[in-house]
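Residues per chain, in single letters:
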Amino acid sequence: MGKTLTIDSTLRCDVLVIGAGGAGLRAATAICEQIPAKKIIALTKLTSPQKSHTTTAQGGMAAVDPKDPIDRPIFHMFDTWKGSDCSADQNVIKKVCEMGWEEVVWLEKHGMHFSRTEEGRIAKRPFGGHMLNFGDTKAFRACYEADRTGKGIMDTVWSESLRYGVSFFGQCVATELLLKDGTCIGAVIFRYPEGKFLAILAKATIMATGGNTRMYQVSSNCRGNTGDGLALALNAGLPVMALEAVQFHPTGMVGPGILASEALRGEGAILRNKDEEPFMERYAPTAKDLAPRDLISRAVVQEMREGRGLFHEGHNAPHVWLDLRHLPKEVHEKKIQEVCSFFKRFVGVDPEKDLCPVTPTAHYQMGGIPTNEFGEVQSDTQSIVPGLFACGEVAAASLHGLNRLGTNSLLELITMGRVTGERVVEYLKDAKKPEDLPPDAEHIAFNQFSTYLNARGKEKYGQIRDTLRNLMMEKVGIFRTEESLVEAIESLRELKERAMHVAVGTTSLKANQDLWQIWELNNLITVSMVIAQGALMRQESRGGHFREDYPERSNEFNYHTLASMPEFDTVTFGKRPIDMSIFEAKGERFELFDYIKREY
Amino acid sequence: MSNSYTITLEINRYDPDTALSWIQTYKVTVGGMLRFVDVLRKINDEQDPTLAWASSCEHAQCGSCGISVNGKPLLACELLVKDAVEQFNTHTFRLRPLTIAPVLRDLVVDLEKAYDRVHKAKPYLIKPAPPQPDGDEYRISPETLETYSEATRCINCFCCATACISSHDHFLGPNVTMANIVRLMDQREMAKEERMDILYREDGVYRCHTARACSFVCPKDIDVSHFLALGKEGKF
Ligand SMILES: Cc1cc2nc3c(=O)[nH]c(=O)nc-3n(C[C@H](O)[C@H](O)[C@H](O)COP(=O)(O)OP(=O)(O)OC[C@H]3O[C@@H](n4cnc5c(N)ncnc54)[C@H](O)[C@@H]3O)c2cc1C
Ligand code: SF4
Ligand code: SF4
Ligand code: FES
């Protein structure tokens, strides 16, 4: 039976942050600001938190200065509600939109290098779905650092955490949440370099593992965005919320799907079909190229389906054009420097002279681990899991409902990260030190890893990964039908079975990339199953979830889906009501916060 | 495939269990648009699942995938096969791990250790200037920002540090020194003296011989040595 897996050692801390990205480290700094002496451990799969995927975010972070003479937080709230296709929670929308500016100033005060106006103030640019006067005309609302806003944010929260002495544990994965009598007491982790398991016992644990769209063939996400956090929650018997809400960004670079930020269209870039027609004018007469992403992604696929797309020989893939040729040189060189260099390097086109080939790319998970407006993880609609918190892309509070507006995610990381951190501070006041683990405790990860290490089949990791990615793209992608989803679910069952028979390249535990990736693949399959089942269950179209057999939104589905998966492929569903508190408060223009029609 | 290439990779292998090192040769036929990370993935899928390499963002934004190709430190995720063939004028490539930190396996080095140096530069604001009275942001003109914003694009890939002719043991390295200089140029930083101490300490900026290898290899096209020169001249 090969190797016996054991917990090599047990560490203790006050707070364990699983996922040292933008959200996780904003939470950590919020805790340190109030109680600097606490011991915090922050985990990342990478060699440094600085390398977390937040660092790749390009376009900006939405925030309305309450002193702004033109823009107002309530416009932002309305846009977020409308953008979500009436499926976000209004208590969260209100909280996040009202906190936004304060957090921008926090970032700036802690050293972020925002781009500036001539007056030396933080510059702002327009973004999709963000408008003035309840949908009138585009708003300048996205604060940015050139086209590397995420890097500015990541560098700031990482270096602030460093200043406070947060312990970073890199090159590791959390493999299991430890729950005792319903309370979270930490996690088991696996260290890549030494191949050892450690138990980390903590009074409070924050899940902030980020996104998960690597199960799609074309994806803007990093290699490690494999849904680990969601799989950990599901394996611990906890529900996840609205995973069917996957966002496809309309402009991925043809090929792997590297993102070409919406900031490009914010600066004036135009989508064109093979006749070079600016086709968005037909689909969204007012917002045009700055309509929300779900709408534009469907329009792009529609153009391709009706024969107005193009085909890229080098990458063997369909695409449309993004036209940046008319933008001033100054914009190319200063405001969108990184993205222009990506086009040059990865696609071989020069955006100043050439049309750029783009295609929709799987970008963002709107759903996630359900939390209340304080970042406390819920086990059902009535109760929370003591000691467990979640924030960032892996969490669903829910600010985005079934569709997220661009620049609202970075906003969410920073605001909800802080809110969660502050809640943890409260929780720590009475939190008890967890008891030692019994030495003979069983661990999910031991089971998983010994299965992978002992498998002797003929299956190949790469083949299963590629089959999964094609399957999800084709059958659980931008357009879905009952037929495609039923087929996908059947294929996922087969893939899960096949994944059990992949013989690992080496059974060494040290820096074993193959073993690590097989573990990730299993997480991807787990999460894909919940996405597909949720999409099948939701017989309507709303936001990023589009069913060709149910093309309209339906009031019957005015709720968030809660899904649990006690065994692989047996998904059970619950419902969480949508918070309508802005509407119910009957304040200014409250009628717009009802289930309104969504047109752009 | 429109234009495919048959290339040979000679890769440094290292097995941490036996401490054995060797060079292994792989021959692959691939499309010219593939990145080196895609080629390594293809080798894993089709020839050898044990070959270890590192990456994350795979579009030159995180600095996880640095390796040396035919002696030049670069990002494996942004080197396309067709460009490599052209740039190095060969179909045979010698891949080695960066020399900046211990090798964990094959092409994977322990950058976590290399980051200890970055931490020494204290990349945060040590002592921030007092906030604006009205709770707003500081005022920084675009012209001032422009004098150092290039340096803030550094992704800590350590390619420059690998290329640097000054010794790794006695010099903090180009990227780390530059990170400190950024904060010296940042008007929001009040702790200038502490920063000068970091700049001019034993392993500080004077270890740099101004050979400009760093600027030459930087995948983000940052003129690193320009910033180090500012540091030497005390021009912030
Ligand atoms: C290319 C791109 C551009 C974007 N641009 C914008 C934009 O302009 N504006 C905007 O608002 N949003 C943007 N987004 C979305 C936004 O950047 C992400 O939603 C956000 O950065 C996620 O942050 P996070 O802190 O939740 O996760 P991340 O920053 O991804 O951090 C997650 C951390 O968790 C770690 N982790 C994961 N699994 C485990 C595990 N099992 N064990 C231990 N650690 C683990 C990871 O290693 C990482 O350190 C963009 C996204 C992409 C991909
Ligand atoms: S300066 Fe350039 S080469 Fe050096 S670490 Fe930064 S990005 Fe890499
Ligand atoms: S200029 Fe200085 S820092 Fe750059 S490579 Fe040469 S010695 Fe190293
Ligand atoms: S993988 Fe991120 S820079 Fe290459």
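Rules used throughout
Residues numbered from 1 in each chain as written. Chains lettered and ligands numbered in written order. Predicted model: local features only at pLDDT ≥ 70, side-chain atom pairs only at ≥ 80, totals over all residues. Heavy atoms only, no water. Helix = DSSP H or I, 4+ residues; strand = E, 2+ residues; numbered from the N terminus. Rg over C-alpha atoms; globule rule 2.2 N^0.38 Å. Buried < 20%, exposed > 50% of the residue type's maximum accessible area, 1.4 Å probe, protein only. Contact = heavy atoms within 4.5 Å. Areas by Shrake-Rupley, 256 points an atom, 1.4 Å probe, with all protein chains shown as cover. Lys, Arg positive; Asp, Glu negative; His and termini not counted. Charge placed at Lys NZ, Arg CZ, Asp CG, Glu CD. Domains from an automatic or database assignment. Buried area = accessible area lost by both parts, 1.4 Å probe. Salt bridge = Lys/Arg side-chain N within 4 Å of Asp/Glu carboxyl O. Polar contact = N/O pair within 3.5 Å; in protein donor to acceptor, adjacent residues only side chain to side chain. Nonpolar A, V, L, I, M, F, W, Y, C, P; charged D, E, K, R; others polar. Patch = residues over 30% accessible without salt bridge, like charges linked within 9 Å, V, L, I, M, F, W, Y side chains within 5 Å. Axes fitted to C-alpha atoms, helices over the stretch in contact; angles between N-to-C directions. Parallel < 35°, antiparallel > 145°, perpendicular 65-115°, else oblique. Left-handed = near helix turned anticlockwise from the far one by under 90°. Near = heavy atom within 4 Å. Core = buried A, V, L, I, M, F, W, Y, C linked by side-chain atoms within 4.5 Å. Pairing = 2+ DSSP bridges.

**Remarks on the overall build of chain A**
Alright, step 1. Counting its secondary structure elements, chain A contains 16 helices and 23 strands.
Alright, step 2. For chain A, the C-alpha radius of gyration of 23 Å lies close to 25 Å, the compact-globule estimate for 600 residues.
Alright, step 3. For chain A, the C-alpha atoms occupy an extent of roughly 65 × 55 × 45 Å along the three principal directions.
Alright, step 4. Each of the 600 residues in chain A was classed as buried or not, and the buried ones make up 67%.
Alright, step 5. In chain A, 74% of the contacts between residues at least 6 apart in sequence involve partners at least 24 apart.
Alright, step 6. Put simply, chain A shows about 19,600 Å² of open surface, and 49% of that area lies on carbon and sulfur atoms.
Alright, step 7. Of note, chain A has its 71 positive side-chain charges centred 4 Å away from the centre of its 79 negative side-chain charges.

**Points about the domain arrangement of chain A**
Residue and element names in this part refer to chain A.
Alright, step 1. The domain boundaries assigned to chain A delineate domain 1 (251-361) and domain 2 (443-553 + 561-577).
Alright, step 2. Once you take the C-alpha centre of each, domain 1 and domain 2 turn out to be 30 Å apart.
Alright, step 3. For the pairing of domain 1 and domain 2, the buried interface totals around 580 Å² over both sides, and the portion due to carbon and sulfur atoms is 65%.
Alright, step 4. When residues of domain 1 are sorted by the area they lose upon contact with domain 2, Asp294, Arg298 and Arg305 head the list and together hold 69% of the total.
Alright, step 5. One salt bridge connects Glu548 with Arg305, and the closest N-O pair in it is separated by 3.0 Å.
Alright, step 6. Linking domain 1 with domain 2 are two residue pairs in polar contact (both at pLDDT 80 or more).
Alright, step 7. The leading source of residues in the side of domain 1 that touches domain 2 is helix α8 (residues 293-305), at six residues.
Alright, step 8. Residues that form the side of domain 1 that touches domain 2 fall into these classes: two nonpolar, two polar and three charged.

**Things to note about a nonpolar patch on the surface**
Alright, step 1. Where nonpolar side chains cluster on the molecular surface, the patch consists of Tyr200(B), Tyr206(B) and Phe236(B) and spans about 320 Å² of accessible area.
Alright, step 2. You can see Tyr206(B) is positioned in the loop between α7 (192-200) and α8 (213-217).

**Points about the packing of helix α1 (residues 22-34) of chain A against helix α11 (residues 408-428) of chain A**
Residue and element names in this part refer to chain A.
Alright, step 1. At their nearest, the axes of α1 and α11 sit 7 Å apart, and the two run at 45° to each other. As the angle between them shows, α1 and α11 are arranged oblique. In this structure, α1 meets α11 at a crossing whose hand is right-handed. Contact with α1, carried on its side by Gly22, Ala23, Arg26, Ala27, Ala30, Ile31 and Gln34, involves Leu413, Ile414, Gly417, Arg418, Gly421, Glu422, Val424 and Val425 of α11 and no other residues of that element.

**A word on the interface of chain A and chain B**
Alright, step 1. The interface is formed by 68 residues belonging to chain A together with 70 residues belonging to chain B.
Alright, step 2. The contact between chain A and chain B buries some 5,700 Å² in all, and 51% of this surface belongs to carbon and sulfur atoms.
Alright, step 3. Seen at the junction of chain A and chain B, the total is twelve salt bridges.
Alright, step 4. Between Glu338(A) and Arg153(B) there is a salt bridge, with its nearest N and O atoms 2.7 Å apart.
Alright, step 5. Counting across the interface, chain A meets chain B through 40 residue pairs in polar contact (both at pLDDT 80 or more).
Alright, step 6. Counting residues per element, the side of chain A that touches chain B draws most heavily on helix α4 (residues 149-163) of chain A, which supplies seven residues.
Alright, step 7. Among the residues forming the side of chain A that touches chain B, the class breakdown is 20 nonpolar, 23 polar and 25 charged.

**Regarding the site of ligand 2**
All names here are of chain B.
Alright, step 1. Within the structure, ligand 2 sits among 13 residues, and Cys154, Cys157, Phe158, Cys160 and Cys218 are positioned closest to it.
Alright, step 2. Among the secondary structure elements, those contributing two or more residues to the shell around ligand 2 are α5 (159-163) and α6 (174-185).
Alright, step 3. Within the shell around ligand 2, the residues separate by chemical class into ten nonpolar, two polar and one charged.

**Observations regarding the nonpolar core**
Soluble globular proteins tend to pack their nonpolar side chains together in the buried interior.
Alright, step 1. With 94 residues, the main nonpolar core has Phe343(A), Ile7(B), Leu9(B), Phe36(B), Phe93(B) and Leu95(B) as its most contacted residues.
Alright, step 2. Leave out the neighbours within four places in its chain, and Leu9(B) touches Gln24(B), Thr25(B), Tyr26(B), Phe36(B), Val39(B), Leu40(B), Ile43(B), Phe93(B) and Leu95(B).
Alright, step 3. Counting residues in hydrophobic clusters, the runner-up holds 88 residues, among them Phe248(A), Ile464(A), Leu485(A) and Ala511(A).

**Notes on the domain arrangement of chain B**
Residue and element names in this part refer to chain B.
Alright, step 1. Domain parsing of chain B yields domain 1 (4-109) and domain 2 (111-233).
Alright, step 2. Taking only C-alpha atoms into account, the centre of domain 1 sits 29 Å from that of domain 2.
Alright, step 3. In this assembly, 15 residues from domain 1 lie in contact with 16 residues from domain 2.
Alright, step 4. Contact with domain 2 buries area across many residues of domain 1, yet Gly63, Pro73 and Ile100 alone supply 39% of it, more than any other trio.
Alright, step 5. Scanning the region where domain 1 abuts domain 2 turns up three residue pairs in polar contact (both at pLDDT 80 or more).
Alright, step 6. Top element by residues in the side of domain 1 that touches domain 2 is strand β4 (residues 72-75). It accounts for four residues.
Alright, step 7. Here the side of domain 1 that touches domain 2 is composed, by residue class, of ten nonpolar, three polar and two charged.

**What about the site of ligand 1?**
All names here are of chain A.
Alright, step 1. Around ligand 1, a shell composed of 37 residues is seen, among which Ser52, Thr54, Glu393, Ser409 and Leu410 lie nearest.
Alright, step 2. A distance of 2.8 Å is found between an oxygen atom of ligand 1 and a side-chain nitrogen or oxygen belonging to Ser409.
Alright, step 3. With the chains in place, 97% of the 1,000 Å² that ligand 1 exposes on its own is no longer accessible.
Alright, step 4. It is α11 that provides the largest number of residues to the shell around ligand 1, a total of four residues.
Alright, step 5. A class-by-class count of the residues in the shell around ligand 1 yields 13 nonpolar, 20 polar and four charged.

**What about the pairing of strand β16 (residues 317-323) of chain A?**
All names here are of chain A.
Alright, step 1. A large share of β16 lies buried, amounting to six of its seven residues.
Alright, step 2. Judged from the three bridges that link them, strand β14 (residues 270-272) and β16 form a sheet pairing that is antiparallel. Bridging from a neighbouring strand, Arg272 pairs with Trp321 of β16.
Alright, step 3. Sheet analysis places strand β15 (residues 310-312) next to β16, joined by three bridges and oriented antiparallel. What sits directly across from Phe311, in β16, is Pro318.
Alright, step 4. Remark: four residues form the turn of the hairpin made by β15 and β16, two consecutive strands paired antiparallel; Asn316 in that turn has positive phi of roughly 60°.
Alright, step 5. Note: β16 against strand β17 (residues 356-365), three bridges, orientation antiparallel. Each residue of the ladder has a partner; that of Trp321, found in β17, is Pro357.

**Section: the environment of Asp594(A)**
All names here are of chain A.
Alright, step 1. Inspection of the secondary structure puts Asp594 in the segment after α16 (581-584).
Alright, step 2. Linking Asp594 and Cys184, residues 410 residues apart in sequence, is a C-alpha distance of 37 Å.
Alright, step 3. Residues contacting Asp594, with those up to four places away along its chain left out, are Trp81, Cys86, Met580 and Phe583.

**Things to note about the sheet that holds β4(B)**
Residues and elements named next belong to chain B.
Alright, step 1. Taken together, the five strands give an open sheet; going across it, the order is β2-β1-β5-β3-β4, and neighbouring strands pair in mixed fashion. The open sheet has two edge strands with one neighbour each: β2 (20-31) and β4. On average, adjacent strands in this sheet sit at an angle of 35° to one another, irrespective of strand direction.
Alright, step 2. Where strand β3 (residues 66-69) and strand β5 (residues 92-97) come together, three bridges link them in antiparallel fashion. Across the sheet, residue Ser68 finds its bridge partner in β5, namely Arg96.

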